[in-house]
2 protein chains.
Amino acid sequence: MIRVSVIGSGNVAQHLIRALLKAADTELVQVFSRNPEAIRPLMVTDKTVSEYRLLKAVDVIIIAVSDNAIKMVSEQIPLKDQLVVHTSGSVAMEALQKNRSGVFYPLQTFSKTKALSFESVPICLETRHAEDMTILENLAKSLSAAIYRVDSNQRRGLHVAAVFVSNFVNHMYQLGYDICNDNNLPFDILKPLIQETADKVMLLSPEEAQTGPARRNDTQTINAHLSFLTVENQREIYKLLTKSIIDNGKKL
Amino acid sequence: MIRVSVIGSGNVAQHLIRALLKAADTELVQVFSRNPEAIRPLMVTDKTVSEYRLLKAVDVIIIAVSDNAIKMVSEQIPLKDQLVVHTSGSVAMEALQKNRSGVFYPLQTFSKTKALSFESVPICLETRHAEDMTILENLAKSLSAAIYRVDSNQRRGLHVAAVFVSNFVNHMYQLGYDICNDNNLPFDILKPLIQETADKVMLLSPEEAQTGPARRNDTQTINAHLSFLTVENQREIYKLLTKSIIDNGKKL
């Protein structure tokens with residue numbers, strides 16, 4: 001049985017608490033929140049504390065707060081020799097003011113309004129001391145089937161890659177939405193294409209999956225699209241990404 | 001019973017032929033191909049012709065060839081009063097040199113190496129004569145549950161939108177792949193995130209689904225990402241899309 005406490009009540013904290021409550025061989029001991037109202041729906045009121053001095057020694061304390069609060073929160077934990085980890089993709093492990101520190105980074109986009117199965121969320125682990133890796137691995141295995149050891153430098157790259165394949169991808173959806181809107185078309189018409197584009201890259205490499213006028217270097221269609229687009233921002237993005245796809249094709 | 005023939009043997013033609021063979025109340029009468037070898041696996045040898053003069057009058061002839069061949073192919077069809085449609089997102093209906101013309105545009109990304117259920121593919125219809133719309137609608141209904149009437153101008157917009165949400169999205173996957181590769185991380189680690197990002201926009205608007213440093217205007221993380229990125233092309237794309245997300249947030 002691994003004993004875990006969570007500090008935080010935001011998006012990641014809430015998804016994590018829900019998953020920990022269901023996990024086998026894992027006991028959620030305490031939830032620290034300065035805003036107990038936010039986590040009332042999780043039914044953990046009996047475990048909730050709002051003062052650092054009430055935190056108990058456990059196997060792992062997970063700090064799931066915003067990036068710029070991680071260091072400060074870690075300084076407030078009054079327990080010596082306590083393994084403390086954070087959940088951030090972009091904060092160095094060294095930000096934790098603890099001897100036994102580590103990172104427990106679930107690589108996923110979490111929304112308050114959409115449930116999610118934690119089992120398929122890749123969990124990226126790092127520890128200062130090799131002995132603590134076993135504890136984190138056992139904890140991660142109770143939540144997910146996808147566990148990776150990722151050092152701080154790799155994690156920086158991974159976080160940037162995640163911005164490309166998630167935040168920037170969603171922004172492409174936004175631009176598609178805007179263009180549909182401007183042409184009196186429902187966004188729904190694009191949804192099967194969005195789904196299939198994601199499905200394809202589960203089986204094929206992005207290289208093999210690439211289609212479209214830029215991939216074919218079809219300048220006639222590219223120019224027709226550029227004459228159609230009148231919003232300057234959309235034109236700039238169209239040009240830069242088309243050039244990038246064409247250049248990428250040349251490298252092969 | 002609707003009687004249909006298909007001209008072409010490429011990607012779209014093959015997916016269409018497979019779907020038509022399975023469709024209720026629809027008879028695939030002929031397949032015209034100058035390259036019968038390409039469609040041998042479809043088992044339509046008995047229906048295959050390679051000379052335009054052998055084409056029979058049917059309810060609809062679907063031209064599923066590359067954009068720049070559509071006009072020429074339509075000129076070769078020796079049948080008068082024949083309804084002829086093409087499947088392109090970017091070619092005007094007027095390219096068809098026929099009185100009874102139309103467009104039957106399946107909005108999807110088709111790969112030879114990945115099977116696909118046609119039932120969820122949106123089919124965008126346009127006809128020169130209103131009477132022909134009923135024929136196309138009946139045909140489309142035998143293949144898919146998602147039928148839209150889309151005029152030529154809307155279709156131009158739709159094709160551009162499709163480039164954003166599919167071709168450009170796949171290129172974002174490519175950049176994520178490259179960054180993983182450069183950091184000795186398997187691309188598999190990004191796949192659940194890619195899947196969830198697509199799944200989210202089925203339920204939420206792209207606006208509601210947007211997360212990440214640009215959305216939060218988190219300049220510290222943005223600058224850390226820019227110092228991490230050394231490939232000039234990746235930096236340019238990161239900057240332009242970050243700016244676009246920030247500007248989009250300001251409009252709200």
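The structure we're discussing is the one just above.
Structure report, in brief. (Residues numbered from 1 in each chain as written. Chains lettered and ligands numbered in written order. Predicted model: local features only at pLDDT ≥ 70, side-chain atom pairs only at ≥ 80, totals over all residues. Heavy atoms only, no water.)

Of the transformation placing chain A onto chain B, the axial shift is 0.0 Å and the rotation is 180°, giving an RMSD of 0.0 Å. Interpreted geometrically, this transformation is the action of a two-fold axis. Identified as the residue of chain A closest to the rotation axis by C-alpha distance is Val 169 of chain A, at 2.7 Å. Take the interface residues of chain A: 100% of them recur as interface residues in chain B, which is what a same-surface contact looks like. (Least-squares fit on C-alpha atoms with pLDDT ≥ 70 in both. Contact = heavy atoms within 4.5 Å.)

A separate point is the side chain of Asp 178 of chain A. Relative to the helices and strands, Asp 178 of chain A is located in helix 4 (residues 152–182). With residues near it in sequence (within four places) discarded, Asp 178 of chain A still touches Gln 234 of chain A together with Asn 248 of chain B. (Helix = DSSP H or I, 4+ residues; strand = E, 2+ residues; numbered from the N terminus.)

Okay, the interface of chain A and chain B next. Taken together, the contact between chain A and chain B spans 86 residues of the former and 86 residues of the latter. Regarding the contact of chain A and chain B, the summed buried area is about 8,200 Å², with carbon and sulfur atoms giving 69% of it. Along the contact surface separating chain A from chain B lie zero salt bridges. There are 32 residue pairs in polar contact (both at pLDDT 80 or more) connecting chain A and chain B. Of all the elements, helix 4 of chain A adds the most residues to the side of chain A that touches chain B, at 27 residues. Classifying every residue of the side of chain A that touches chain B by side-chain character gives 45 nonpolar, 30 polar and eleven charged. (Buried area = accessible area lost by both parts, 1.4 Å probe. Salt bridge = Lys/Arg side-chain N within 4 Å of Asp/Glu carboxyl O. Polar contact = N/O pair within 3.5 Å; in protein donor to acceptor, adjacent residues only side chain to side chain. Nonpolar A, V, L, I, M, F, W, Y, C, P; charged D, E, K, R; others polar.)

Once their charged atoms are close, side chains differing in charge can pair, the charge on each being opposite to the other. Residues and elements named next belong to chain B. Under the definition given, this model contains 26 salt bridges over all chains. Close ionic contact of Arg 155 with Glu 126 constitutes a salt bridge, the shortest N to O distance being 3.0 Å. Of this pair, Arg 155 sits in helix 4 (residues 152–182) while Glu 126 is found in strand 7 (residues 123–127), placing the two residues 29 residues apart along the sequence. Glu 126 matches Arg 155 in its accessibility class, with the two residues each being buried. (Buried < 20%, exposed > 50% of the residue type's maximum accessible area, 1.4 Å probe, protein only.)

All names here are of chain A. Taken as a whole, helix 7 (residues 219–228) has its buried residues at Thr 221, Ile 222, His 225 and Leu 226. Looking straight down helix 7, one finds that the buried residues subtend no more than 140° of arc, so they occupy a single side. For helix 7, the exposed residues set more than 90 degrees away from the buried face come down to Gln 220 and Ser 227. (Arc of directions from axis to C-beta.)

One pass over the full model with this rule turns up twelve aromatic pairs over all chains. Between the aromatic rings of Phe 32 of chain A and Tyr 52 of chain A, the centroid separation amounts to 4.1 Å while the plane-to-plane angle is 20°, which identifies the pairing as stacked. Taken together, the positions of Phe 32 of chain A in strand 2 (residues 26–32) and Tyr 52 of chain A in the loop between strand 3 (48–49) and strand 4 (60–63) put the pair 20 residues apart, joining distant regions of the chain. Judged by relative accessible area, Phe 32 of chain A falls into the buried class, the value being 3%. When the centroid spacing of 5.3 Å and the interplanar angle of 65° are considered together, the rings of Tyr 238 of chain A and Phe 168 of chain B count as edge-to-face. Note that Tyr 238 of chain A is positioned in helix 8 (residues 232–251) and Phe 168 of chain B in helix 4, a pairing that runs across two chains. For Tyr 238 of chain A, a relative accessible area of 0% corresponds to the buried category. Members of the aromatic cluster, each reached through a chain of ring pairs, are Phe 164 and Phe 168 of chain A together with Tyr 238 of chain B. (Phe/Tyr/Trp six-rings, centres within 6.5 Å; stacked < 30°, edge-to-face > 60°.)

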